[in-house]
Amino acid sequence: MKGKFTIEKTPFSSTKYYSGQYTCDCSQWEDEVQTETFEFTVIVSEDHENGLEEIMEITWVIQAPPNVGEAEDWINANFFNKIVE
């Protein structure tokens with residue numbers, strides 16, 4: 001069985017991986033400051049046809065911060081403004 005197919009040179013979407021660090025105040029008392037840094041990887045899907053980028057997944061490298069929901073909300077809200085290339 002022979003078939004014929006073509007492949008477009010330009011992809012309609014792509015996936016990119018970014019690494020970053022999230023630093024937060026993890027102190028237990030109001031009168032102390034104890035900052036910790038947590039490394040993460042972000043998987044971003046780019047839709048080239050519509051010009052859209054979307055965070056698909058956030059993975060914490062070693063461990064997640066204690067306020068993981070708040071941290072991921074902050075990353076989702078600020079990620080595309082903070083990219084350094």
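The structure under discussion appears in the preceding block.
Reading the values: rules and limits
Residues numbered from 1 in each chain as written. Predicted model: local features only at pLDDT ≥ 70, side-chain atom pairs only at ≥ 80, totals over all residues. Heavy atoms only, no water. Pairing = 2+ DSSP bridges. Helix = DSSP H or I, 4+ residues; strand = E, 2+ residues; numbered from the N terminus. Core = buried A, V, L, I, M, F, W, Y, C linked by side-chain atoms within 4.5 Å. Buried < 20%, exposed > 50% of the residue type's maximum accessible area, 1.4 Å probe, protein only. Contact = heavy atoms within 4.5 Å. Axes fitted to C-alpha atoms, helices over the stretch in contact; angles between N-to-C directions. Phe/Tyr/Trp six-rings, centres within 6.5 Å; stacked < 30°, edge-to-face > 60°.

K.L.:
Just to check I follow, could you spell out the pairing of strand 2 (residues 35-47) for this structure?
P.N.:
Looking down a regular strand, the side chains alternate between one sheet face and the other. The pairing of strand 1 (residues 13-25) with strand 2 spans 13 bridges and is classified as antiparallel. Across the sheet, the residue bridging to S19 is T41, located in strand 2. Strand direction decides the pairing type here: strand 2 and strand 3 (residues 52-60), joined by eight bridges, are antiparallel. Each bridged residue has a counterpart across the sheet, and for I43 the counterpart in strand 3 is E57. Taking the residues between adjacent antiparallel strands as the criterion, strand 2 and strand 3 are bridged by four residues, where G51 takes a positive phi near 70 degrees.

K.L.:
Would you mind showing me how to read the nonpolar core here?
P.N.:
Nonpolar side chains tend toward joint burial in soluble globular proteins. One finds F40, V42, I58, W60, I75 and F79 to be the most contacted residues of the largest nonpolar core, which totals 14 residues. Where this core is concerned, the elements lending two or more residues are strand 1, strand 2, strand 3 and helix 1 (68-82). In this structure, I75 is in contact with F40, V42, I55, I58 and W60, ignoring residues within four places of it in sequence.

K.L.:
What is the right way to look at the sheet that holds strand 1 in this model?
P.N.:
What links the strands of a sheet is backbone hydrogen bonding, and the strands pair in either a parallel or an antiparallel sense. The strand order 1-2-3 describes an open sheet built from three strands, whose pairing is antiparallel. The two strands at the open ends of the sheet, each matched to only one other strand, are strand 1 and strand 3. Each strand of the sheet is rotated relative to its neighbour by a mean of 30 degrees, with strand direction disregarded. Where helix 1 meets the sheet, it contacts strand 1, strand 2 and strand 3, and its direction lies at approximately 150 degrees from that of strand 3.

K.L.:
I tried to follow the packing of aromatic side chains on my own but got confused; where do I start?
P.N.:
Two aromatic rings, taken as a pair, are described by how far apart their centres are and by the angle between their planes. Considering all chains together, one arrives at five aromatic pairs under this definition. Here the aromatic rings of Y18 and F79 are separated by 5.3 Å at their centres, their planes lie at 75 degrees, and the arrangement is edge-to-face. Here Y18 is found in strand 1, whereas its partner F79 is found in helix 1, with 61 residues between them in sequence. For Y18, a relative accessible area of 16% gives the class buried. Look at F79 and you get buried, because its relative accessible area is 10%. Here F79 and F80 contribute two aromatic rings whose centre-to-centre distance is 5.1 Å and whose plane-to-plane angle is 80 degrees, an arrangement assigned as edge-to-face. By relative accessible area, F80 is classed as partly exposed at 34%. Members of the aromatic cluster, connected to one another through ring pairs, are Y22, F40, W60 and W74.

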